[in-house]
Amino acid sequence: MDSKILEKLPLIIEHEMFIFPFMITPIFVIDKSGIKGLKDTETDGLCFVVCGKNNPKAEELPFYDVGVIGRIMRKSILQDGRIKLLFQGLSRGKFLGFSDASKEKVDVQGMSYKPYDPTRIHAMSNILFEKVNALAHISQVISPDLLRNIEESEDVNKAIDLICAAIRPKKEQSYQIFASDDIEERLMLLTQLVSEEIETQKLQREIKAKVHTKMDQVNKEYFLREQLKQIQKELGVDKQKDEEIDAYLKKLEALKSGMSEDVYKEIKKQITRLSRMNPDGSDANVVQNYIEWVLEIPFTTFNHKKLSISNVEKQLNADHYSLKEPKERIVEYFAVKELLQKRSEEEAKEKDSKETKQQSKELKKDEAKGDDFKYKGTILCFYGPPGVGKTSLANSIALAIGRPLVRIALGGLEDVNELRGHRRTYLGSMPGRIVQGLIDAKSMNPVMVLDEIDKIMRGVRGDPTSVLLEVLDPEQNISFRDYYTNFNIDLSSVVFIATANDISAIPAPLRDRMEFIQISSYTPQEKFEIAKKYLIPQETKKHGLKPSEVKIQKDALELIIQNYTREAGVRNLRRSIANIMRKVAVQLLEKKATAITIGVKDVPNYLKKSVFEIQKTNPKPKRGVVNGLAWTSVGGDVLTIEAIKLIGKGDLKLTGSLGDVMKESAQIAYSLIKSKLDSMELEKSSKKAKTLESKDEKETSQKSKTNNIDIHLHVPEGATPKDGPSAGITMASAIASILFGKDARQDIAMTGELTLSGEVLPIGGLKEKLIAAHKAGIKKVLIPKKNYEKDLDEIPKEVLDNLEIVPVSSIDEVLKEILINK
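Residues numbered from 1 in each chain as written. Predicted model: local features only at pLDDT ≥ 70, side-chain atom pairs only at ≥ 80, totals over all residues. Heavy atoms only, no water.

A look at the packing of aromatic side chains
Okay, step 1: By the definition in use, this model includes twelve aromatic pairs.
Okay, step 2: With a centroid separation of 6.0 Å and an interplanar angle of 85 degrees, the aromatic rings of Tyr 383 and Phe 516 are classed as edge-to-face. Within this pair, whereas Tyr 383 is found in strand β7 (residues 379-383), its partner Phe 516 is found in strand β13 (residues 514-518), the two being separated by 133 residues in sequence.
Okay, step 3: Tyr 383 sits in the buried class, given a relative accessible area of 18%.
Okay, step 4: Clustering of aromatic rings is evident, with ring pairs tying together Phe 18, Phe 20, Tyr 64, Tyr 175 and Phe 178.
Okay, step 5: Positioned above the aromatic ring of Tyr 64 is the side chain of Lys 53, whose terminal nitrogen or guanidinium carbon lies 5.6 Å from the ring centre.
Okay, step 6: The ring of Tyr 483 is capped by Arg 420, whose NZ or CZ atom sits 5.3 Å from the centre of that ring. (Phe/Tyr/Trp six-rings, centres within 6.5 Å; stacked < 30°, edge-to-face > 60°. Helix = DSSP H or I, 4+ residues; strand = E, 2+ residues; numbered from the N terminus. Buried < 20%, exposed > 50% of the residue type's maximum accessible area, 1.4 Å probe, protein only. Lys NZ or Arg CZ within 6 Å of the ring centre and 35° of its normal.)

What to know about the sheet that holds strand β12 (residues 495-500)
Okay, step 1: Read from one edge of the open sheet, five strands run β8-β9-β12-β7-β13, paired in parallel fashion. Lying at the two open borders of the sheet, with one neighbouring strand each, are β8 (405-409) and β13. For this sheet, the mean angle separating the axes of adjacent strands, direction not counted, is 25 degrees.
Okay, step 2: Relative to β12, strand β9 (residues 447-451) is paired through four bridges, and the arrangement is parallel. Opposite Leu 450, over in β12, you have Ala 498 as the bridge partner.
Okay, step 3: Across the sheet, helix α13 (residues 390-401) lies against β7, β8, β9 and β12, angled at about 165 degrees from β12, the strand it touches most.
Okay, step 4: With respect to the sheet, helix α15 (residues 433-441) is in contact with β8 and β9, its orientation differing from that of β8 by roughly 150 degrees. (Pairing = 2+ DSSP bridges. Axes fitted to C-alpha atoms, helices over the stretch in contact; angles between N-to-C directions. Contact = heavy atoms within 4.5 Å.)

Points about unusual backbone geometry
Okay, step 1: For Lys 8, which is not glycine, the phi torsion reads 55 degrees and is therefore positive.
Okay, step 2: Note on placement: Lys 8 falls in strand β1 (residues 5-14).
Okay, step 3: The backbone of Ser 322 shows a phi angle near 65 degrees, a positive value even though the residue is not glycine.
Okay, step 4: One can find Ser 322 in the loop between α10 (309-319) and α11 (324-354).

Topic: the confidence of the model for the protein
Okay, step 1: Counting all residues, the mean pLDDT for the protein is 83, and 90% of those residues have values of 70 or more.
Okay, step 2: Under a pLDDT of 50 for its full length, residues 363-373 has, in the predicted model, 22 contacts with residues more than four places off or in other chains.
Okay, step 3: Contacts from residues 694-704, a stretch scored under 50 in pLDDT, to residues over four places away or in other chains number 18 contacts. (pLDDT = per-residue confidence, 0-100.)

A word on helix α9 (residues 282-294)
Okay, step 1: Under the 1.5 Å per step criterion, the end-to-end length of α9 is 19 Å for 13 residues, consistent within 8% with the ideal 18 Å.
Okay, step 2: What α9 keeps buried is the set Ala 284, Val 287, Gln 288, Tyr 290, Ile 291 and Val 294. Take α9 and look down its axis: the buried residues cluster within an arc of 160 degrees, on one side only.
Okay, step 3: Summarising the contacts, the buried residues of α9 are in contact with α7 (240-255) and α8 (261-275). (Expected span 1.5 Å × (residues − 1). Arc of directions from axis to C-beta.)

What about the pattern of salt bridges?
Okay, step 1: Taken as a whole, this structure holds 26 salt bridges when the rule is applied.
Okay, step 2: Glu 418 is the salt-bridge partner of Arg 433, the closest N and O atoms lying 3.4 Å from each other. Placement of Arg 433 in helix α15 and of Glu 418 in helix α14 (residues 417-420) is noted, with a sequence separation of 15 residues between them.
Okay, step 3: Arg 433 gets classed as partly exposed once you look at its relative accessible area, which sits at 29%.
Okay, step 4: Lys 533 is paired through a salt bridge with Glu 529; the nearest N and O atoms lie 3.9 Å apart. Note that Lys 533 and Glu 529 are positioned in helix α18 (residues 524-542) at a spacing of four residues, about one turn of the helix. (Salt bridge = Lys/Arg side-chain N within 4 Å of Asp/Glu carboxyl O.)

Examining the layout of surface pockets
Okay, step 1: Approximately 540 Å³ is the volume attributed to the second largest pocket.
Okay, step 2: Surrounding the second largest pocket, 26 residues form its lining, Gly 387, Val 388, Gly 389, Ser 392 and Val 570 being those nearest its centre.
Okay, step 3: Elements with a minimum of two residues in the lining of the second largest pocket: α13, α18 and α20 (571-589).
Okay, step 4: Among the elements that take part in the lining of the second largest pocket, α13 stands out by supplying six residues, more than any other.
Okay, step 5: For the lining of the second largest pocket, a count of residues per class yields nine nonpolar, ten polar and seven charged. (1 Å grid on protein atoms, 1.4 Å probe; cavity = no way out; pocket = protein on both sides within 12 Å on 5 of 7 lines; lining within 4 Å. Points joined across faces, edges and corners; volume = space filled by probe spheres on them. Nonpolar A, V, L, I, M, F, W, Y, C, P; charged D, E, K, R; others polar.)

Section: the side chain of Lys 390
Okay, step 1: Mapped onto the secondary structure, Lys 390 falls in helix α13.
Okay, step 2: Buried Lys 390, no salt bridge; nearest opposite-charge side chain is Glu 452, N-O distance 6.0 Å.
Okay, step 3: Among the polar contacts listed, one links the side chain of Lys 390 to the backbone oxygen of Pro 385, at a separation of 2.9 Å.
Okay, step 4: When residues no more than four places from it in sequence are discounted, the contact partners of Lys 390 are Phe 382, Tyr 383, Gly 384, Pro 385, Thr 499, Ala 500, Asn 501 and Ile 519. (Lys, Arg positive; Asp, Glu negative; His and termini not counted. Polar contact = N/O pair within 3.5 Å; in protein donor to acceptor, adjacent residues only side chain to side chain.)

Spelled out as structure tokens, the structure:
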């Protein structure tokens, strides 16, 4: 039948496997089209059998396009309508198309093989037969009769078909061998499949041997354990387990008064389950670990120190300098708590005079659970730069209200199970950090600090912020469910305090559950007072020194703050003081002196590296250079913006690692200044500045000339990414200085967003920016008028006394202040 076209053959789809030529096999026809196609076909008639595809696409045929043309040796119709055939394969065939619209019969063309080199094919056949022999020795896939038929076969293709049918590869692999007309390719593919089958059979035999060995070992251990149990019973040493169970039950009864009924039932059920288990089993260890964990939860323990806002205020003032607004908000928070506590006590007295003794007992029981301390108020979140005292404020709060402090570090946390606990089905599972915090605090109402809440990561293991949504919601945390404990825990008595550096990184639903208290950068004077009152005494004591043995002079301490630290807080300042104390300790032990005084000249000997936090500005006016003010994660900074002009086509070039928002601000500034220059509006706002320009720049303001000038705007420290709209008026001033040919004052700094119409919009981070200007020796600062009207109350008095703050509402006012008319 090679290459011959046969028409209108019944189509039969075999769903299990490929049928090869020379095979005689029964086939059950279940497809309706196949059953209809066989109605007119008698015994000894021809049909076309193909293999069905697994999960074919909608546009594909549901079967492979090659199959077997064969003879129907026997046909019988079953009671359920199916047809059973005894089919004999004759030759390969390729599907050409359906004979009619009913798709019951098809047109098929016979397939032939390419010519081949007999010597090469003989060599490849020998390799294949060696592999088949090796497979026959380790597996029953190749029977002795089949092996003999393969070796006696003179037709290589018939041998290939017999082997492929025996090892039953995957459909795609069978299709590759079946459809190929190259005998060499068929031999190579089949040899590879047989090699893989040999490795698979070897691996299966190895696994079976290991399993049998393991089962024998398990059975042996079981019988030995049973014998050991009987011996222990005879000797009377099997009492340890009973003693442990009794201890668990006693501890459970002691904690019952603080538990809900569901919690009590769950723990008791697990203790009962443990008593029925074999102590040597793996499940017994899991259950025992669970019982030991949950019985460590302090259900009945509450700290009952009477709340007093005077104690809170006193503790905050003792531990922290400045921070007036954060302290006030914390005192307000606990004032509400204290007032509610007093109202609760008043109501309790009234009830005692009216209610029965039984009701009074229930009330006292509620008080023992800490209900008088519950306040479903806002969760506080302290945010600000590193080192400004966020975590230490929480420590002070815990000391003031007499509760233990639990710190949960959330930085980099990406597994939701770290907070909610792991289910007991996992090896090494344990409660989440919330429950472990209660266990460590040995109290149900500690102060729990959620540190670095803005640095939680969302990964493939869930979103930890979803757990915090429940924990920080006063309406939900009365029934917080830990996956490990498998029961609800009341967290409503816990005082939660969060800390963060960047609140924009906190998801909006979580931000909605917290009230944010900003802790801003310290001024140099505040740092000086903190070092004098707190850091130096603490580090002196920490390093084993007496106050009389070391003294840091005022000028030296100011130098350390200005030149040896770069931060918004005081952490590096503490490290610098610690470095000095260590060197002083060495000098005292070497008996170089009995008391050491450190002056300005001595500081470089103790601290080798000077940081120069904010460089002092040069008061000499410059052209194209303007001082801006920027906010960073470690406080404010002075940002110098430079501009030059080049002969070109009127383009604007920006450098300095600028973000998209800052680039747009620069383009707005350029367009606005160029528009003013072209329309000659500058003459009205700068008192005929055109006549004061130098000779080489007289034509700069003419429209025809601006189109031939390129502006290059650069923000130094190019390796540091910068973004935001608040540098708009600064960039506009730098461009104006170049295009108008005027010098810009260097004792002025500015900040403000600029619109295309020339209006100055308000900005954020004003406090940090003004502190930076003060440190840099700036005399005058231009800020948006709206910030001037509403934000100056937050600025330290030290800064306000040393800066002239000028409100501006338009770019004309800015240029009038910054540009010098010659």
